[in-house]
Amino acid sequence: MKPARTKTPRKLLVKKGSQTSLKDPVGVYCRVRPLSLPDQECCIEVINNTTVQLHTPEGYRLNRNGDYKETQYSFKQVFGIHTTQKELFDAVANPLVDDLIHGKNGLLFTYGVTGSGKTHTMTGSPGEGGLLPRCLDMIFNSIGSFQAKRYVFKSNDRNSMDIQCEVDALLERQKREAMPNPKTPSSKRQVDPEFADMINVQEFCKAEEVDEDSVYGVFVSYIEIYNNYIYDLLEEVPFDPIKPKWNSCSTPMRNTDFVPPQSKLLREDKNHNMYVAGCTEVEVKSTEEAFEVFWRGQKKRRIANTHLNRESSRSHSVFNIKLVQAPLDADGDNVLQEKEQITISQLSLVDLAGSERTNRTKAEGNRLREAGNINQSLMTLRTCMEVLRENQMYGTNKMVPYRDSKLTHLFKNYFDGEGKVRMIVCVNPKAEDYEESLQVMRFAEVTQEVEVARPVDKAICGLTPGRRYRNQARGGPVGDEPLVTEVVLQSFPPLPSCELLDVNDEQTLPRLIEALEKRHHLRQMMIDEFHKQAVTFKALLQEFDSAVLNKENYIQGKLNEKEKVISGQKLEIERLEKKNKTLEYKIEILEKTTTIYEEDKRTLQQELETQNQKLQRQFSDKRRLEARLQGMVTETTMKWEKECERRVAAKQLEMQNKLWVKDEKLKQLKAIVTEPKAEKPERPSRERDREKVPQRAVSPSPVPNAPPVRLRHRRSRSAGDRWVDHKPASNVQTETVMQPHVPHAITVSVANEKALAKCEKYMLTHQELASDGEIETKLIKGDVYKTRGGGQSVQFTDIETLKQESPTGRKRRSSTAAPAPPDGTESEWTDVETRCSVAVEMRAGSQLGPGYQHHAQPKRKKP
């Protein structure tokens, strides 16, 4: 009796990004191709299996020190010029194919300058198959015996797969085989000798731990991105000879040309994965079929002859290998007819067009436009990598510009955590490619720092493992082997003929009875043997049941121990999570504190710089002030030296004046002594003479009726300077012929600061009675100096005397001496000697007038 089918449990939904905390960096590898000519200059050197070094070739710019600049770049692994395709495949592509068979996605692309060996690395050459044929070979070696029949899986336009039963798949196969030109290649067709050597992989490679309770289907598609448009290289568009086709030059195309395919659009499926809408997906059953499809599309790919490469790829090609996996039902007979249980994984092999400088490729026209679009798409890829790295390193949330290019928009899901990403940087060590290789190395350095979330493991379907082989052991429809009952029946002796032709026939029945008895005896022996074997088998079953029970008890004990260990580990994990949160909180606090300290440090540094600048300014001001003070000291020293010389000269002049006064007094005394006695009355006292002086000064000339005489003015010796002519109001007009006259002088009755500020010389007109009773006019002259207090000072330097004498020539007898002042001092302003030794400074607030003050001690009375 056939056991009842059990309902398949639903697939557990795993939320996207549940393992975002686990991230892996983008694996970047470097492959160095050999030089085309042995005498070419090399600019790249392999240091070890992870480092290469770039040398600046001769004739390029030198660094600032004048030496050749050498730069080292590190990769996950570096492959030198002697690396084989097998070694490269085992290190780079083998893990991606293994993940593909286990339901995970992968992206592998080659990047480099034109002519660096990208297409050779991806496709290969005769006798040296590249990564693509080796990936196909490993896939079919792993799932060859577990493949579903053709058309059991059927692709749709929503980036998913439909599943069909065996009958529908059979009808689909018959329908496709009846078509005159089937699109699907047949596995019975001979391999094209053009690429037979490429797929002839000698090394057998197979994935480990393949799920044997599932069936698999392989679908391939091939597209190219040309001038930022997506084209399907497997799409067959027949040429319409009736409707003419026009090219870009507005001329009809030849009948032998194919109509260029229409560009495809990018769409997003229900799982937010990007795919090419309307792209042709071909189901293949072997490596030969898959590579034949690839080769058919490769012939349509756009290549051109440039200055750098005879067959330069002018587009980015993407070969997608989609692996569809569905579990068998509970009986292990047929595919489980539940679409939710289908697992789709994809491996994208991308051959990027070479980055190049247009001035080196000598491109013109369409080639120039193609190069511009290629460089623009590669620049967008660099920008996306830089933004991803910045977001991950600095915690920013900048928008990644995937949509700026079809290339980056198509593969945005891989960088968002939908699969592993691997990049092979191909470089040409020749010196002419130094600048381009340097840019490629910098891009690889940025890409290595980008981290991609680890893909999520697929959920287990929940069916009992080993269903396929259990069905075969049960006698399922897996082969043409005979049944056990047929073998047993063939071991019985054949029955003799049972036809009775005669009534008296006595031989037929005895022979039949004998044959039946033999069969009965044999049957009885087989029954006895069966019972014995049944008893033995029953004993074995009981023994096996007891062993299984013991195993279950043992396993249950182990499970209990494991559960205890797991519970302890859970507690430890909770403790570590709490500790981790505490440490994260502390780290956050420390980061904030560090930020505050850094801000304080920057502030203090700015203040320190400000103080240093202030001190520098103060030091500069100090030096300028010292220089200024030194100049002032020098100037003051020179001034005081001149002042001392002037004072010495003034003192000498003063002493000469004193000697002259004494000589005059002695002369007057001698004249008085030697004068004969006369009957003339005595001279009145000096006080009465002083009272009469104004009347005498205004008296008419002693010569009666004399004609008027023109006044002669005595010109000052310093007539070139401007003078202050100080004539006190108490002075009397002498009406002498000789009068002091200073041109352009300011005449004042009281000395003031305003007048002194405008002049350089000062002259005081002073009148007094001489010893003979005549009026004596003295012109006291001096120099005007500016003081530091803002005022002016006068230093007297010279005295000129104007005196009238009687025409008789007789000297008058001096009058009696005037009584001395009670304080024992003579008048300051009537003594000529004192007047010549006085310096007058004009200061505000002085009692003698505005800015008038004495700076000399009054002359002491002689004893």
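Up top is the structure.
Every chain's residues receive numbers from 1 upward, in the order its sequence appears when written. With the structure being a predicted model, the display of local features is reserved for residues of pLDDT at least 70 and the display and counting of side-chain atom pairs for 80 or more, all residues being used for whole-chain, interface and lining totals. Note that water and hydrogens are dropped before the side-chain values are worked out from all heavy atoms of the structure.

Visitor: What exactly am I supposed to notice about the overall build of the protein here?
Guide: To qualify as a helix, a DSSP run of H or I must reach at least 4 residues; to qualify as a strand, a run of E must reach at least 2; elements of each kind are numbered from the N terminus. Looking only at helices and strands, one finds 17 helices and 31 strands in the protein. Exposure is judged per residue with a 1.4 Å probe applied to protein chains only, and the accessible area is read against the type maximum: over 50% gives exposed, under 20% gives buried, and values in between give partly exposed. Out of the 863 residues in the protein, the part that is buried amounts to 36%. Surface exposure here means Shrake-Rupley accessible area, sampled with a 1.4 Å probe, where a residue is shielded only by the protein chains that are shown. In the form shown here, the protein has an accessible surface area of approximately 55100 Å², with 53% of it arising from carbon and sulfur atoms.

Visitor: How do you make sense of the pattern of salt bridges when you look at a structure like this?
Guide: Salt bridge, as used here, is a side-chain nitrogen of Lys or Arg placed within 4 Å of a carboxyl oxygen of Asp or Glu. Under the definition given, this model contains 28 salt bridges. Among the salt bridges present, the one from Lys300 reaches Glu236, with a minimum N-O distance of 3.8 Å. Of the two residues, Lys300 sits in the loop between helix H6 (287–298) and strand E17 (303–304) while Glu236 sits in the loop between strand E13 (229–232) and strand E14 (266–268), which places them 64 residues apart along the sequence. The closest approach of N and O atoms between Lys781 and Glu800, which form a salt bridge, is 2.6 Å. Here Glu800 lies in strand E29 (residues 792–803) and Lys781 lies in strand E28 (residues 775–786), a separation of 19 residues in the sequence. As far as burial versus exposure is concerned, Lys781 and Glu800 are alike and both buried.

Visitor: Please clarify how the packing of aromatic side chains should be interpreted in this entry.
Guide: For any pair of aromatic rings, the description consists of the separation of the ring centres together with the inter-plane angle of the planes. Only rings of Phe, Tyr and Trp enter the pairing, Trp through its six-membered ring, and a pair is recorded when the two centres are within 6.5 Å. The plane angle decides the type: under 30 degrees is stacked, over 60 is edge-to-face, the rest tilted. Applying the stated criterion to the full structure yields 9 aromatic pairs. Between Tyr111 and Phe443, the ring centres sit 4.7 Å apart and the planes meet at 45°, which makes this aromatic pair tilted. Separated by 332 residues along the polypeptide, Tyr111 in strand E7 (residues 105–112) and Phe443 in helix H11 (residues 434–448) bring together distant segments of the chain. When its relative accessible area of 0% is taken as the criterion, Tyr111 is described as buried. Under the relative-accessibility criterion, Phe443 is labelled buried at 3%. An aromatic cluster is present here, built from Tyr222, Phe291, Phe294, Trp295 and Phe319 joined pairwise through their rings.

Visitor: Is there a simple way to explain the packing of helix H3 (residues 131–143) against H6 in this structure?
Guide: Helices that pack against each other are described as a pair by the angle of their axes relative to one another and the distance between those axes. An axis is simply a line fitted to the C-alpha atoms; with a helix, the fit covers only the stretch in contact. Between two such axes, the angle follows the N-to-C directions and lies from 0 to 180 degrees. Following both chains from N to C, one finds H3 and H6 inclined at 150°, their axes separated by 9 Å at the closest point. Taken as axis vectors, H3 and H6 run roughly antiparallel relative to one another. Considering only the axes of H3 and H6, their crossing is right-handed. Across the interface between the two elements, Leu132, Pro133, Leu136, Asp137 and Phe140 from H3 touch Thr287, Ala290, Phe291 and Phe294 from H6. Here is the rule for angles: anything less than 35 degrees is roughly parallel, anything more than 145 is roughly antiparallel, 65 through 115 is roughly perpendicular, and the remaining ranges are oblique. Crossing handedness is defined as follows: a turn of the near helix away from the far one that is anticlockwise and smaller than a right angle gives a left-handed crossing, while the clockwise case is right-handed. Contacts were defined at the residue level, with two residues in contact if any of their heavy atoms lie within 4.5 Å.

Visitor: Explain the nonpolar core here, please?
Guide: The nonpolar side chains of a soluble globular protein tend to be buried with one another. Take the buried Ala, Val, Leu, Ile, Met, Phe, Trp, Tyr and Cys residues and link them wherever side-chain atoms come within 4.5 Å; each set so joined is a nonpolar core. With 53 residues, the main nonpolar core has Phe75 and Phe411 as its most contacted residues. One finds Ile143, Phe146, Cys205 and Ile424 within the second-largest nonpolar core, a separate group that totals 46 residues.

Visitor: Please clarify how unusual backbone geometry should be interpreted in this entry.
Guide: Trans is the prevailing form of peptide bonds, just as negative phi is the prevailing case for residues other than glycine. Phi at Asn227 is positive, roughly 55°, even though this residue is not glycine. Relative accessible area serves as the criterion here: at 11%, Asn227 is assigned to the buried category. A positive phi angle, near 65°, is found at Asn228, a position not held by glycine. The residue Asn228 is located in the loop between strand E12 (214–226) and E13 in this model.

Visitor: Would you explain a nonpolar patch on the surface in this entry?
Guide: Nonpolar side chains collect at one region of the surface, where Phe537, Leu540 and Leu541 lie side by side and expose about 290 Å² of accessible area between them. For Leu540, the location among the structural elements is in helix H14 (residues 508–674). Residues enter a patch when their relative accessible area is above 30% and they make no salt bridge; the linking distance is 9 Å between like charges and 5 Å between nonpolar side chains (Val, Leu, Ile, Met, Phe, Trp, Tyr).

Visitor: Explain the environment of Glu224 here, please?
Guide: Note that Glu224 resides in strand E12. The sequence separation of Glu224 and Ser263 amounts to 39 residues, and the corresponding C-alpha distance is 9.8 Å. Any N or O atom pair separated by 3.5 Å or less is treated as a polar contact, with the protein-specific requirement of one donor-capable and one acceptor-capable atom, and with residues adjacent in sequence counted only for side-chain atom pairs. Within the structure, the side chain of Glu224 is placed 2.6 Å from the side chain of Ser315, a separation counted as a polar contact.

Visitor: What exactly am I supposed to notice about the pairing of strand E4 (residues 51–55) here?
Guide: Counted residue by residue, E4 has 5 buried out of 5 residues, so it is predominantly covered. Side chains of E4 alternate between two faces, with Thr51, Gln53 and His55 and Val52 and Leu54 buried alike. Should DSSP find at least two bridges between two strands, the strands are regarded as paired. Counted along the chain from strand E3 (residues 44–48) to the antiparallel partner E4, the turn is 2 residues long. Pairing between E4 and strand E5 (residues 70–74): 5 bridges, direction antiparallel. Paired with Thr51 across the two strands is Ser74, which belongs to E5.

Visitor: Got a minute to help me understand H11 in this structure?
Guide: Spacing of three or four residues puts side chains on the same side of an α-helix, whose turn is 3.6 residues. The first and last C-alpha atoms of H11 sit 21 Å apart over 15 residues, in line with the 21 Å expected at 1.5 Å per residue. Considered for burial, the residues of H11 that qualify are Tyr434, Glu436, Ser437, Leu438, Val440, Met441, Phe443, Ala444, Val446 and Thr447. Any helix carries an expected span of 1.5 Å times its number of residues minus one.

Visitor: Explain the environment of Ser125 to me, please; I cannot follow it from the model alone.
Guide: Mapping Ser125 onto the fold places it in strand E8 (residues 124–125). If sequence neighbours within four positions are ignored, Ser125 has contacts with His120 and Met198.

Visitor: Please explain the pairing of E7 as it appears in this structure.
Guide: For a regular strand, side chains alternate in direction, first toward one face of the sheet and then toward the other. Counted residue by residue, E7 has 8 buried out of 8 residues, so it is predominantly covered. Along E7, one buried face is formed by Asn105, Leu107, Phe109 and Tyr111 and the opposite face, lined by Gly106, Leu108, Thr110 and Gly112, is buried too. Examined bridge by bridge, E7 and strand E21 (residues 419–427) share 8 bridges and lie parallel to one another. What sits directly across from Gly112, in E21, is Cys426. As paired strands, E7 and strand E20 (residues 343–351) are joined by 5 bridges and run parallel to one another. Bridge pairing links Leu108 to Leu349 in E20.

Visitor: Sorry if this is basic, but what is going on with the packing of helix H1 (residues 85–101) against H3 here?
Guide: At a minimum axis distance of 9 Å, the contact between H1 and H3 shows a crossing angle of 45°. On the basis of the axis angle, H1 is oblique to H3. The chirality of how H1 crosses H3 is right-handed. In this structure, H1 uses Gln85, Lys86, Leu88, Phe89, Ala93, Asn94, Val97, Asp98, Leu100 and Ile101 to contact H3, whose residues at the interface are Leu131, Arg134, Cys135, Met138, Ile139, Ser142 and Ile143. Among the residues forming the contact of H1 with H3, the class breakdown is 11 nonpolar, 3 polar and 3 charged. Polarity classes work like this: nonpolar for Ala, Val, Leu, Ile, Met, Phe, Trp, Tyr, Cys and Pro, charged for Asp, Glu, Lys and Arg, and polar for all others, with Gly in that last group.

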